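So the chains spell out like this:
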Amino acid sequence: MRRQLHQIPEPGFQEFKTQQLLLDHIHQLPQDRLEIRTWKTGILVKVKGVQPRLCIGFRADMDGLPIEEQTTYPFRSLHPGFMHACGHDLHMTIGFGLLRHFAEHPIEQDLLFIFQPAEEGPGGALPMLESMEFQAWKPDLLFALHIAPEYPVGTIATKPGILFANTSELFLDLTGKGGHAAFPHKANDMVIAAAHLTTQLQTIISRNVDPLDAAVITIGKIEGGSKQNIIAEHARLEGTIRTLSLDSMQQVKKRIEEVVRGIEVSFQCSAAINYGSNYCQVYNQPELTNEFMEWVQKETDIRLIACKEAMTGEDFGYFLEQVPGFMIWLGVNTPYSLHHAQIEPDEQAISIAIDLFSRYFVWLSSRRMR
Ligand SMILES: CC(=O)N[C@@H](CCC[C@H](N)C(=O)O)C(=O)O
């Protein structure tokens, strides 16, 4: 299933084939305890418990990334320019594996499996959370995982409290006066303005943010100009801001606005700032997370790492604002990072995660019954 999903990566809110493939598999399961709803390109599946007193949820994200795949896989992406380079194909397969397990072996409690679109952007969690479909089935506890290239298979990592950062997308459009390459004094070159802006943005991190309160600005894409001998009238920078505190997010945005105003003056151009979508931090409910970490150490052979927080973003944070739960990293042992065209996560991690969460849900279910 992971390999089928890997071949059809789709951008956020366009996960049509992904949704259909998941639905085809879900419809093949024993249906007597299942209730299935779709929401946009997402899916919610409830597994009715034997004597339910609460509902335990698991969320998997569904979208791919605009990356041209360069893996050695025989099952490479069939969608040119798109790739599952953030492990959502594994996340969905693990979600489905858990769903299949509990459709065949129901437990006391109700379970909710959430297949959520658009995690990479513009963010499916918040609108899904607000939807009638989700609110009608809102779980009492909710869990998720994310693959971690740097950890060996058989390892998980997590921590109570903040796990992932606050994020904001960043889009900057610079407009000046184009012209002939030979007459720079008669134009306002937006390639030069973009180059200065890119480096000045980094001084916000190094000079304006408390070094003990981590923040990141990454410009991942620059576009500008149309030909080598034409001075560019327009340039566009696309990036993302990450901060551990909301105060730093506000401070960074304020400084970006000041730096951009300076660029307008020094390069005699106009600039537009758009912050795109924002995600709140992923905050693991401390009691539940500590309890889970103790349980893993006592009851499983999994190697547990008490990790530090990371500057990754995840719209799962919005779910955790409303429902207690946590997220963990799942070791998949690959030398390439998330969002890299050559990432090849070890598929053995899939069954390890299914086994881990199925045992945890059974334990949680009987424990919460007492
Ligand atoms: C786990 C992961 O890689 N998540 C993404 C979330 C992206 C949020 C948004 N589109 C942004 O770029 O700010 C990440 O890049 O951390």
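Bear in mind the structure is a predicted one, so any value in this text is a computation, not a measurement. Counting of residues starts from 1 at the beginning of each chain's written sequence and follows it residue by residue. Reporting in this predicted model follows two pLDDT cut-offs: at least 70 for local features of residues, and 80 or more for side-chain atom pairs to be given and counted; totals over whole chains, interfaces and linings ignore these cut-offs and use all residues.

Engineer: Would you take a moment to explain the UniProt feature "active site" (unreviewed entry) in the protein for this structure?
Structural biologist: Under the UniProt annotation, the feature "active site" (unreviewed entry) is placed at Asp-61 and Glu-120. For the residues just named, distributed over 60 residues, the greatest C-alpha separation is only 8.9 Å, placing them together at one site. On the secondary structure map, Asp-61 appears in strand 3 (residues 55-61). The residues contacting Asp-61, other than those within four sequence positions of it, are His-88, His-91, Gln-116 and Glu-119. Labels follow the DSSP assignment, with helices taken as runs of H or I lasting at least four residues and strands as runs of E lasting at least two, numbered in each case from the N terminus. Inspection of the secondary structure assignment puts Glu-120 in the loop between strand 4 (110-116) and helix 4 (125-130). Under the C-beta neighbour-count criterion, Glu-120 is labelled buried, with 21 such atoms within 10 Å. Contact definition: two residues whose C-beta atoms, as placed from backbone geometry, lie within 7 Å. Those residues in contact with Glu-120 that sit more than four places away from it in its chain are Gly-12, Asp-63, Leu-65 and Cys-86. UniProt positions are given in the numbering used here, feature names are shortened, and annotations may be inferred rather than shown by experiment. Buried means a residue has 20 or more other C-beta atoms within 10 Å of its own C-beta, exposed means 12 or fewer, and partly exposed covers the counts in between; C-beta atoms are placed from the backbone.

Engineer: Help me understand the sheet that holds strand 1 (residues 34-39) in this model?
Structural biologist: The strands that make up a sheet are held in pairs by hydrogen bonds between backbone atoms, and each pair lies either parallel or antiparallel. Strands are treated as partners if at least two bridges between them are detected by DSSP. Ordered in space as 1-2-4-3-5-17-6-16, the 8 strands form an open sheet in which the pairing is mixed. Both outer strands of the open sheet, strand 1 and strand 16 (303-306), are each paired with one neighbouring strand and no more. The average undirected angle you get between the axes of adjacent strands in this sheet is 25°. Note that strand 3 and strand 5 (residues 141-148) share 4 bridges and pair parallel. Looking at the pairing, Ile-56 lines up with Leu-141 of strand 5. Sheet contacts for helix 2 (residues 16-27): strand 1, strand 2 (42-47) and strand 4; angle to strand 2, the most-contacted strand, approximately 20°. Sheet strands touched by helix 3 (residues 88-104): strand 1, strand 2, strand 3, strand 4 and strand 5. Its angle to strand 3, the strand with the most contacts, is close to 150°. Under this scheme, a helix contributes an axis fitted over its contacting stretch, all axes are lines through C-alpha atoms, and angles between N-to-C directions fall in the 0 to 180 degree range.

Engineer: It is not clear to me how the pairing of strand 2 should be interpreted in this structure. Could you clarify?
Structural biologist: Look at any regular strand and the pattern is simple: side chains alternate between the two faces of the sheet. Among the 6 residues of strand 2, 6 are classified as buried, and the element is accordingly described as predominantly covered. Of the two faces of strand 2, the one carrying Gly-42, Leu-44 and Lys-46 and the one carrying Ile-43, Val-45 and Val-47 are both buried. The sheet contact formed by strand 1 and strand 2 spans 6 bridges and is antiparallel. Paired with Arg-37 across the two strands is Leu-44, which belongs to strand 2. What sits between the antiparallel neighbours strand 1 and strand 2 is a turn of 2 residues, in which Lys-40 has the positive phi angle 45°. In terms of strand pairing, strand 2 meets strand 4 through 5 bridges, oriented antiparallel.

Engineer: Explain the site of the ligand here, please?
Structural biologist: Near, for a residue, is defined by distance from a backbone-placed C-beta atom to a molecule or strand, with 6 Å as the limit that must not be exceeded. By nearness alone, every residue bordering the ligand is listed as Cys-86, Glu-120, Gly-121, His-146, Thr-167, Glu-169, Thr-240, Tyr-279, Thr-312, Gly-313, Glu-314 and Leu-338. Charged means Asp, Glu, Lys or Arg here, nonpolar means Ala, Val, Leu, Ile, Met, Phe, Trp, Tyr, Cys or Pro, and polar covers whatever is left, Gly included. Among the residues forming the shell around the ligand, the class breakdown is 3 nonpolar, 6 polar and 3 charged. Lining the shell around the ligand are residues from two domains, each supplying at least three of them: domain 1 (2-163 + 281-369) and domain 2 (166-278). Source of the domain bounds: an automatic or database domain assignment.

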